[in-house]
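Survey of secondary and tertiary structure
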Amino acid sequence: MDNIRRGNKQLIKELNRAIVINTILNYGPISRTRISEFTDLGLSTVSNIVADLIKKELIYETGEEESSGGRRAILLEFNCNDRFVLGIKIGLDGIIIGLVNMKSKILDQHFIPSPVKSSEKIVLEVLIKAIRNFINKNHVKAEKIVGCGIGVSGLVNQKEGILVFSKILGWKKIRFKEFLEKEFNFPIFIDKDVNALTLAEKRFGVGKKINNFICITIGKGVGAGIVIKGDIYHGSYGGAGDFGHIIIDKDGPLCYCGKRGCLEAFSSDQFIINKIKEALSTQQDTIIEDFLKKKEDLDSITVDTVLKAAQKGDIISKNIFQEVGKNLAMGIVSIISLFDPELIVVGGEGVKAGELIFPTLRKVIRDNFPFKKEIKIVSLQPGEEGWIIGAAELVLSEVFKTPIFKSKGKVAIKSAFHW
């Protein structure tokens, strides 16, 4: 393989250092002896690497190991709060900025509204100001920030760090990497928001030990992150996983993307709102108006309003969520036929209605694959944490990447194994 470095003393030295760092990062507090036993590295090799890491303040000694006799071994811990990463999720709901330590723990987060349907200049001005204020608020020195990961809704050119197009946000050609790296002295990584969430699930969540799975998000939009043989699949141009825009009814309603009958038009938040308004306009028997401040104010209806009505027993509202489950299932059936995943993960704000959506969804999938071992379908907890951690992981996965591969062109970020 052309991208694999040639074996030599320097590579072996870097690999040993990487093994020690990753062992302390993932299993600390841990003693030198335990590291040696765990990794099959000689104790003297481990001790030499540890001495250098302590000198550079990447790790520190913390307490002693319990002992049944003899000298107690000193425990080592990774200095996870010496450096930080910014994780940013950008969507229709708003922009969430998180400060994340080197063990992927969120230390702080801040929300600002998204400048929807704005020019590149305004989008970048808003984001730059928000990042700068957030850094100042947390009293973090810029040199202590390793990098910034951004997950954004739309078609992304990862290599160039550009949001090519986002119909839902009304943005096109936002050059995040180019302009943010001019403002801040740290590298910028960008990917689709659903890919960032998928990365978080692969690293820390339900997909940790699974090589082939699909992470689907539902809510304002519908998307999918695809993991094949342990890696996120981006496709040739970064557009893989545009799940919400597969066509399930060629004569269906016009989608905002310009096509007709997209899955998203039958399963997103807007579909739910449109269906309940349709029920009201035809005077169907529903209690939805009991949950409005003004009964005639139909524009105030949200998905949460419909969910409350359903949870109070409103049949019309329940049926709408069940219809969403059926429609999503038909899309998932296609994905299963194409990729044969071991696991389907469903996240996003739409899972708040999971108790109403999932029974129908699971039944339709079972009915379509009667001879197949039941595919595991897991829902995630709604919230921003997974998106932030996933965006941060865009950076951390590069920082802690095993140093066996050749660099391609300019190095985007300095590996932790070279700190």
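Quick look at the structure, then. (Residues numbered from 1 in each chain as written. Predicted model: local features only at pLDDT ≥ 70, side-chain atom pairs only at ≥ 80, totals over all residues. Heavy atoms only, no water.)

Regarding the sheet that holds strand β13 (residues 222-228)
To be explicit about the condition: Two strands pair if DSSP finds at least two bridges between them. Helical segments are the DSSP runs of H or I of at least four residues, strand segments are the runs of E of at least two, and each set is numbered from the N terminus. By definition in these notes, contact holds between two residues if any of their heavy atoms fall within 4.5 Å. Helix axes use the C-alpha atoms of the stretch in contact, all axes being lines fitted to C-alpha atoms, and the angles between their N-to-C directions lie in the range 0 to 180 degrees.
An order of β14-β13-β12-β15-β16 is seen for the 5 strands of this open sheet, with the pairing classed as mixed. The open sheet has two edge strands with one neighbour each: β14 (231-232) and β16 (376-379). Sheet topology note: the β13/β14 ladder contains 2 bridges and is antiparallel. The partner of Val227 across the bridge, within β14, is Ile232. Those strands touched by helix α6 (residues 193-203) are β12 (213-218), β13 and β14, and its axis lies near 45 degrees from that of β13.

Let's talk about the packing of aromatic side chains
Defined as follows: Any pair of Phe, Tyr and Trp rings, taking the six-membered ring for Trp, is counted once the centres come within 6.5 Å. Such a pair is stacked with planes under 30 degrees apart, edge-to-face with planes over 60 apart, and tilted for the rest. For each residue, the accessible area found with a 1.4 Å probe, counting protein chains only, is set against the maximum for its type, and the residue is called buried under 20%, exposed over 50%, and partly exposed in between. In this scheme, Lys NZ or Arg CZ marks a charge over a ring once it lies within 6 Å of the ring centre and within 35 degrees of the ring normal.
For the structure on display, the rule yields 4 aromatic pairs. Note on Phe184 and Phe186: the rings are 5.4 Å apart at their centroids and 15 degrees apart in plane angle, and the pair reads as stacked. Accessibility assignment for this pair places Phe184 and Phe186 in one class, buried. When the ring of Phe266 is compared with that of Phe271, the centres are 6.3 Å apart and the planes differ by 50 degrees; the resulting orientation is tilted. In terms of burial, Phe266 and Phe271 fall into one category: buried. Lying over the aromatic face of Trp387, Lys89 brings its terminal NZ or CZ to 4.5 Å of the ring centre. Lying over the aromatic face of Phe179, Lys182 brings its terminal NZ or CZ to 5.0 Å of the ring centre.

Some thoughts on the nonpolar core
Using the following cut-off: We call a set of buried residues a nonpolar core when its members are Ala, Val, Leu, Ile, Met, Phe, Trp, Tyr or Cys and they connect through side-chain atoms within 4.5 Å of each other.
Among the nonpolar cores identified, the biggest contains 46 residues, and Phe321, Ile344, Leu361 and Ile365 are the most heavily contacted of them. Going through the elements one at a time, β12, β13, α7 (269-281), α8 (303-311), α9 (315-339), β15 (343-347) and α10 (354-368) are the ones with two or more residues in this core. In terms of nonpolar packing, the next biggest core, distinct from the first, is built from 44 residues, Val20, Cys80, Val100 and Ile388 among them.

Regarding the pairing of strand β11 (residues 188-192)
Among the 5 residues that make up β11, 5 are buried, leaving the element largely enclosed by the rest of the structure. Note: strand β7 (residues 145-152) against β11, 5 bridges, orientation parallel. Counted as the bridge partner of Cys148 is Ile188 from β11.

As for the environment of Leu394
By secondary structure assignment, the location of Leu394 is in helix α11 (residues 385-399). Assessed through its relative accessible area of 9%, Leu394 is described here as buried. Each C-alpha atom, one on Leu394 and one on Asn195, is 9.5 Å from the other, the two residues being 199 residues apart in sequence. If sequence neighbours within four positions are ignored, Leu394 has contacts with Gly149, Ile150, Phe189, Ile190, Asp191 and Leu199.

A short note on a nonpolar patch on the surface
Rule in force here: Residues forming no salt bridge and having over 30% relative accessible area are the ones grouped into patches, like charges within 9 Å of each other and nonpolar side chains (Val, Leu, Ile, Met, Phe, Trp, Tyr) within 5 Å. Each accessible area is a Shrake-Rupley estimate made with a 1.4 Å probe; only the visible protein chains count as cover when residues are assessed. In what follows, salt bridge is the name for a side-chain nitrogen of Lys or Arg lying within 4 Å of a carboxyl oxygen of Asp or Glu.
On the surface, Ile228, Tyr233, Leu338 and Phe339 cluster together into a nonpolar patch covering about 380 Å² of accessible area. Looking at the secondary structure, you find Phe339 in helix α9.

Side note on α7
Formally: Any helix carries an expected span of 1.5 Å times its number of residues minus one.
A rise of 1.5 Å per residue sets the reference length of α7, with its 13 residues, at 18 Å; its end C-alpha atoms lie 19 Å apart and thus fit the reference within 8%. Listing the buried residues of α7 in full gives Asp269, Phe271, Ile272, Ile273, Ile276, Ala279 and Leu280. The first or second residue beyond α7 is Gln283, which carries a positive phi of 60 degrees.

Examining the sheet that holds strand β1 (residues 30-31)
Strand pairing in a sheet takes place through backbone hydrogen bonds and is either antiparallel or parallel in direction. Spatially, 3 strands are ordered β1-β3-β2 in an open sheet, and the strand pairing comes out antiparallel. Two strands bound the open sheet, and with one partner strand each, they are β1 and β2 (59-64). On top of the sheet, helix α3 (residues 43-55) reaches β2 and β3 (74-78); it is set at about 110 degrees to β2, its chief contact.

Things to note about the pairing of β15
Each regular strand shows side chains that alternate between the opposite faces of the sheet. Counting buried residues in β15 gives 5 out of 5 residues, a clear majority hidden from the surface. Residue alternation in β15 divides its side chains into two sets, Leu343, Val345 and Gly347 and Ile344 and Val346, and both sets are buried. As judged from the 5 bridges shared by β12 and β15, these two strands associate in the parallel manner. Note that in β15 the partner of Ile214 across the bridge is Ile344. The pairing of β15 with β16 spans 4 bridges and is classified as parallel.

In short, geometric facts, not functional conclusions.
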